[in-house]
Amino acid sequence: MKIDIVSVFPEYFEVLNLSLLGKAQSKGLVEVTAHNLRDWTHDVHHSVDDTPVGGGAGMVMKPEVWSECLDELLQLEPAVIENTENIEDSADSFDTGDSCDTADSDTAPSSAGPVLIFPNPSAPLFTQQDATELSHADHLLFGCGRYEGYDARIPQYYRAQGIDVREYSIGDYVLNGGEVAVSVMLEAITRLLPGFMGNAASIVEESYTGDNALLEHRQYTKPAEWRGIKVPDVLLSGNHAKVDRFRRDEALEKTNELRPDLIEALDCAKLDKADRKTLMALGWEVSAAHPRKR
Ligand code: SAM
């Protein structure tokens, strides 16, 4: 997978040479290049921002610098879009994740070719489903916003050029820039690449993963008793069926308590008899397509 990152602080991404992502680069699984947006400026101050049209505080990232950079990295010729007066409603242009509803949604991004991703706190939330989908792309290009953000015409223009453009928030808070958000997304995506993890099984049963995603059960290691706290007896029983059931029930209970929205999204047809019993004991009605709180 080829990954380009554009930022005014490319040094920030030196951290990607560490740990598993560093190993994945050495193994040739991923090739990460961080570019300095200022390399595409022409003025003496290397400025990438300007005051907001319409007034207001702060500065906005200029479209001309971004377009020179993105055209080069995406190997596109500059173009002029007709009907420039109508700025597309940004709410309509966000990838709302609807494309993920299809059965093969986790097997490929919505279009072949590069995927251009802008972190943005006012965009739809980046999820494990997005990470899974993007882990099948050949080329990801991330653009890190700074200041008040980037000119809204940048994603609009590249969508109009046929590029798969995504804007994602990593959570309901505002960071100073997109660098942290890109690191988060990059780690979530690349750890799903075949060969990335030493043990491939460790990414199969995780929180938010799979068809009927739940939060994962609690994890314990040795010793069996530590500072007076014992691990649950069943985990020491050696009875794999009982261990699996205990963990599954714990996952259902934890998800019920912390993320009932994930329970509501479960497909009842894919729940086994014991799952249904546990959910009913937790106050869910499981006879319809999805669980409903009684
Ligand atoms: N004025 C913007 C707003 O209120 O929505 C905030 C801009 S923020 C200070 C600058 C940049 O940081 C954004 O363009 C984006 O790239 C990045 N950023 C900040 N918070 C983020 C979040 N929660 N998720 C993704 N990116 C974020």
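This text goes with the structure placed above it.
The notes below deal with the structure included here.

Rules of the game
Counting starts from 1 at the beginning of each chain's written sequence and moves along it residue by residue. Local features in this predicted model are restricted to residues whose pLDDT is 70 or higher, and side-chain atom pairs enter the listing and the counts only when it is 80 or higher, whereas totals over whole chains, interfaces and linings include all residues. To get the side-chain values, all heavy atoms of the structure are used, and hydrogens and water are removed first. Helix and strand assignments come from DSSP, with helices taken as H or I runs of at least 4 residues and strands as E runs of at least 2, each series counted from the N terminus. Methods summary: accessible areas were calculated by the Shrake-Rupley approach with a probe of 1.4 Å, and residue burial reflects only the protein chains presented. The charge count includes Lys and Arg as positive and Asp and Glu as negative, but it does not include His or the ends of the chains. Lysine's charge is taken at NZ, arginine's at CZ, aspartate's at CG and glutamate's at CD. Within 6.5 Å between ring centres, the rings of Phe, Tyr and Trp (the latter by its six-membered ring) count as paired, and their orientation is classed by plane angle as stacked under 30 degrees, edge-to-face over 60, tilted in between. Throughout this description, buried means an accessible area under 20% of the type-specific maximum (1.4 Å probe, protein chains only), exposed means over 50%, and partly exposed covers the range between. Whether two strands pair comes down to DSSP finding at least two bridges between them. Whenever a helix is involved, its axis is fitted only over the stretch in contact; in every case the axis is a line through C-alpha atoms, and angles between N-to-C directions fall within 0 to 180 degrees. Here a patch means residues that are over 30% exposed by relative accessible area and free of salt bridges, tied together within 9 Å if like-charged and within 5 Å if nonpolar (Val, Leu, Ile, Met, Phe, Trp, Tyr). Within this document, salt bridges are pairs made up of a side-chain nitrogen of Lys or Arg and a carboxyl oxygen of Asp or Glu, the two lying within 4 Å of each other. The reported arc concerns the directions from the helix axis to the C-beta atoms and nothing else.

Helix and strand counts for the chain stand at nine helices and 11 strands. Taking the principal axes of the C-alpha coordinates as reference, the chain spans close to 70 × 45 × 35 Å. With the model as given, the accessible surface of the chain reaches about 16900 Å², and the carbon-plus-sulfur share is 52%. With 27 positive and 50 negative side-chain charges, the chain shows a spacing of 14 Å between the two charge centroids.

We now examine the packing of aromatic side chains. With the rule as written, the count across this model stands at five aromatic pairs. For the ring pair Y157 and Y158, a centre distance of 4.8 Å and an interplane angle of 80° mean the geometry is edge-to-face. Among the residues examined, Y158 registers a relative accessible area of 1% and is labelled buried. These aromatic residues form a ring-pair network of at least three members: W66, F118 and Y150.

Take the sheet that holds strand β2 (residues 31–36) next. Strand order in the open sheet made by the five strands is β2-β1-β6-β5-β7, with parallel pairing throughout. Taken across any chain shown, the strands that pair with only one partner, and hence form the sheet edges, are β2 and β7 (164–168). Strand-to-strand twist of the sheet, defined as the mean angle between neighbouring strand axes without regard to direction, takes the value 20°. Where strand β5 (residues 115–119) meets strand β6 (residues 139–143), three bridges bridge the pair, whose relative direction is parallel. Of the residues in β6, the one forming a bridge with I117 is F142.

A separate point is a negative patch on the surface. A cluster of acidic side chains, namely D50, E64, E68 and E72, defines a negative patch on the protein surface. Among the elements that line the negative patch, the one with the most residues is helix α2 (residues 63–74), at three residues. Residue placement: D50 occurs in strand β3 (residues 49–50). Judged by relative accessible area, which is 39%, D50 ranks as partly exposed.

Let us now look at the pattern of salt bridges. Proximity of charged atoms lets side chains of opposite charge pair with each other. Within this structure, the stated rule accounts for 15 salt bridges. One salt bridge connects R146 with E179, and the closest N-O pair in it is separated by 2.9 Å. Placement of R146 in the loop between β6 and α5 (153–160) and of E179 in helix α6 (residues 178–190) is noted, with a sequence separation of 33 residues between them. Two residues, E250 and R218, come together in a salt bridge whose shortest N-O distance is 3.0 Å. Taken together, the residues span a long stretch of sequence, with E250 in helix α7 (residues 240–258) and R218 in the loop between α6 and β8 (225–226) at a distance of 32 residues. By relative accessible area, R218 is classed as partly exposed at 43%.

The set of residues buried in helix α1 (residues 19–26) consists of L21, G22, A24 and Q25. Looking straight down α1, one finds its buried side chains confined to an arc of 160°; they lie on one side. Of the residues in α1, the exposed ones pointing more than 90 degrees away from the buried face are S19, K23 and S26.

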